[in-house]
Amino acid sequence: MAVAPAVYFPQGFAAALDQLLLQVCEELQLSTSTYERAVARYGALNKLLESAESPFRYFRPDIYPQGSMALGTTVAPIKGPRDLDFVLQLSRDHSGVDPMALIRSLYEFLRQNGTYRSMTTLKNRCVRIEYADDFYMDVLPACLNGAAGGTCIKVPDCTVRGWRDSNPKGYIDWFKKRSRMIFVGRMLDKAAPIPDQEAVAEKEILQLVVQLSKRWRDLCYANIDPGLAPISIVLTTLAAETYRGERSVSQALTSMLGGVVELIDQSHRRGERHLHLCNPSNVAEDLTERWDSNPAAYGAFERGIRDFHCRWSQLIARQGNVNTELVELFGEPVAAVLKKRAEQRHGARIDGKLGVSSSGLITSLAGAAAPLRPHTFYGEE
Amino acid sequence: MARSRYVRQRLLTLAEQSYLLKTAFPNFRVKVGRRELRCLGELRPTWLSDNYLFELLYQIPDRPRVHVISPPLRLPPGHFRLKHVFKDDRLCLYTEGDWRPDLPISSHVVPWISEWLSFYEDWLVTREWLGGGHEPSGAE
């Protein structure tokens, strides 16, 4: 649903900053058309996997989105296609299934298919299907984990040539519970975050905080070494763990950054080599295991978060023009939003709808100390 | 206020301009001398803006001269001149006819300063002046 480009005048620095950040998140969001294409494509893939020629047809294959698409926390990459993650879950317990045979059979089945042959590559835990346009799908084959119960699953891992624990559905439920500590409806005109559940796109504060922190991560580590960047599920889990139900996205981000720095400090005091996080819905899944073997990545994460915390605190304390600081943290979408807002403001002024308050704030005509009358800026080059 | 071809509008005196400025913007400091009005004021165009101190000097019937005093105006990378300013960095807020000496400065020129500042702040980031206007050479 498109939102009319009305000029809205929040009261106070925090409210104005929140409004800007919401618009930045809209810029980062998966577009409705991409979202619908993704849904159609995984539907088509599901049909193929259920078809008569599929080796998975007896195991009631079920494809469902996981990660950012399911959580409503997608973020446009700085460059290149988006990656969207899906689970191909078979209704069969993992015991008795060879994990390498499972992932290879998915890969080979798609490689034999005329449509998917040239688009399919094998990755460590998934089969990647690259489309010619703006995204690729990573499909993780999975079997049930009967011993753990619930929605816990096992996924093949080519590096260890064995199974890994996971629980994407349980994680989504946990994240939703965390984010709905305080529900704040927000109209978004660009995407519906979760399939068939919300007719009107709505966002919760926690989803926005995750989007912003992922965007910061993408920008920050692009200049250092993208291989050192913290993975999305770590940032998402930290954001959800430190969320205290703030109603303001800027305040929630302040809390998150302060909370994560505190968790890092606590980890240091315990003498740990790095902060430890597990999947809250399946404690067997260690989300920070890559830091075990890559202390440089943990060092980069710690420095990055401390720097983000410091810069964000300064930005909040500034209480003034923070456009440049916001661009440094979140990049081009901030400039895109400022441009749209300026164009809307210009249009509203031409329509005679604006005035200024006694402190100079540009505001609606009602209640203004003086109207903004027609005029033409002049000047020398 | 439509301007008649036949009735010459009475120019507003410095005292009248001062009164109107102080009424609309109580925090402005306005001094009226024998020939010149001097107004020092602060404007914050949006909540995500800086608070700008400006000076406005006015002699009947000249164009009011507006300078931003602080914070100092900046340039975005790759730009060497401010947009919509005269050579001495006075703000170019309007073209001929948008304001006349029979009109209040408070309800015309001052709101345009706020608007100029808002588009200036956007320009620093977007590098595009999004407030419209003309950019002639040899202005004024």
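Below: a short report on this structure. Quick caveat: nothing in here was measured; it's all calculated off a predicted structure.

Some remarks on the overall build of chain B
When helices and strands are counted, chain B shows two helices and four strands. Helices (α) and strands (β) of chain B occur, in sequence order from the N terminus, as α-β-β-β-β-α. The C-alpha radius of gyration computed for chain B amounts to 16 Å, which stays within 12% of the reference 14 Å derived for 140 residues, consistent with globular compactness. Counting across all 140 residues of chain B, residues that qualify as buried make up 54%. Long-range pairs, those at least 24 residues apart, make up 45% of the contacts in chain B between residues at least 6 apart in sequence. Across chain B, the mean location of the 20 positive side-chain charges is 6 Å away from that of the 17 negative side-chain charges.

Looking at the pairing of strand E3 (residues 52-58) of chain B
Residues and elements named next belong to chain B. Burial runs high along E3: seven of the seven residues are buried. Burial of the side chains of E3 extends over both faces: Tyr-52, Phe-54, Leu-56 and Tyr-58 are buried on one face and Leu-53, Glu-55 and Leu-57 on the other. As judged from the seven bridges shared by strand E2 (residues 37-43) and E3, these two strands associate in the antiparallel manner. Within E3, the position partnered with Gly-41 by the bridge is Phe-54. Pairing between E3 and strand E4 (residues 65-70): five bridges, direction antiparallel. From the neighbouring strand, Leu-56 faces E4, where its bridge partner is Val-66. Where E3 folds back on E4, the antiparallel hairpin that results is connected by six residues.

Overview of the interface of chain A and chain B
Taken together, the contact between chain A and chain B spans 44 residues of the former and 51 residues of the latter. Taking both sides of the interface into account, the surface hidden between chain A and chain B amounts to around 4,100 Å²; carbon and sulfur atoms contribute 56%. Counting the contacts that link chain A with chain B gives four salt bridges. The partner of Glu128(B) in a salt bridge is Lys339(A), and the shortest N-O contact between them spans 3.1 Å. If you look at where chain A meets chain B, you find 23 residue pairs in polar contact (both at pLDDT 80 or more). When contributions to the side of chain A that touches chain B are tallied by element, the ones reaching two or more residues are helix H1 (13-28), helix H11 (323-330), helix H12 (332-350) and strand E12 (370-371) of chain A. Here the residues of the side of chain A that touches chain B are counted per class, giving 20 nonpolar, 15 polar and nine charged.

Details of the sheet that holds E3(B)
The pairing of strands in a sheet happens through backbone hydrogen bonds and is either parallel or antiparallel. Residues and elements named next belong to chain B. Sheet architecture is open: four strands sit in the order E1-E2-E3-E4, paired in antiparallel fashion. Because the sheet does not close on itself, it has two edges, and the strands there are strand E1 (29-32) and E4. With strand direction ignored, the average angle separating the axes of adjacent strands in the sheet is 15°. Taken strand by strand, helix H1 (residues 14-24) contacts E1, E2 and E3, and its axis lies near 170° from that of E1. Contacts from helix H2 (residues 109-126) reach E2, E3 and E4, with the element oriented near 140° to E3.

Section: helix H6 (residues 205-222) of chain A
Structurally, the α-helix is built with 3.6 residues per turn, so residues lying three or four positions apart point the same way. When the terminal C-alpha atoms of H6(A) are compared, their 26 Å separation across 18 residues agrees well with the 26 Å that a helix rising 1.5 Å per residue should span. With respect to burial, H6(A) is a largely interior element, 15 of its 18 residues being buried.

Section: the sheet that holds strand E11 (residues 362-364) of chain A
The strand order E11-E10-E12 (chain A) describes an open sheet built from three strands, whose pairing is antiparallel. This sheet does not close on itself; its edge strands, each paired only once, are E11 and E12 of chain A. Contacts from H2(B) reach strand E10 (354-356), E11 and E12 of chain A, with the element oriented near 110° to E11(A).

What to know about the pattern of salt bridges
Applying the stated rule across the entire model yields 28 salt bridges over all chains. Note that Arg311(A) is salt-bridged to Asp307(A), the shortest N-O span being 3.1 Å. Here Arg311(A) pairs with Asp307(A), and both are found in helix H10 (residues 295-318), just four residues apart, close to one helical turn. For Arg311(A), a relative accessible area of 28% puts it in the partly exposed group. Its salt-bridge partner being Arg10(B), residue Glu16(B) comes within 2.8 Å of it at the nearest N-O pair. Here Glu16(B) falls in the partly exposed class, since its relative accessible area comes to 26%. By relative accessible area, Arg10(B) is classed as exposed at 53%. One network of salt bridges, with partners in common, ties together Arg125(A), Asp157(A), Arg164(A) and Glu289(A).

Here's the deal with the side chain of Glu55(B)
Residues and elements named next belong to chain B. Position of Glu-55 relative to the elements: it lies in strand E3. Within the structure, Glu-55 has its side chain in polar contact with the side chain of Arg-38 (distance 2.8 Å). If we ignore the near neighbours within four places in the chain, the residues touching Glu-55 are Arg-38, Cys-39, Leu-40, Arg-65, Val-66, His-67 and Ile-69.

Rules and cut-offs
- Residues numbered from 1 in each chain as written.
- Chains lettered and ligands numbered in written order.
- Predicted model: local features only at pLDDT ≥ 70, side-chain atom pairs only at ≥ 80, totals over all residues.
- Heavy atoms only, no water.
- Helix = DSSP H or I, 4+ residues; strand = E, 2+ residues; numbered from the N terminus.
- Rg over C-alpha atoms; globule rule 2.2 N^0.38 Å.
- Buried < 20%, exposed > 50% of the residue type's maximum accessible area, 1.4 Å probe, protein only.
- Contact = heavy atoms within 4.5 Å.
- Lys, Arg positive; Asp, Glu negative; His and termini not counted.
- Charge placed at Lys NZ, Arg CZ, Asp CG, Glu CD.
- Pairing = 2+ DSSP bridges.
- Buried area = accessible area lost by both parts, 1.4 Å probe.
- Salt bridge = Lys/Arg side-chain N within 4 Å of Asp/Glu carboxyl O.
- Polar contact = N/O pair within 3.5 Å; in protein donor to acceptor, adjacent residues only side chain to side chain.
- Nonpolar A, V, L, I, M, F, W, Y, C, P; charged D, E, K, R; others polar.
- Axes fitted to C-alpha atoms, helices over the stretch in contact; angles between N-to-C directions.
- Expected span 1.5 Å × (residues − 1).

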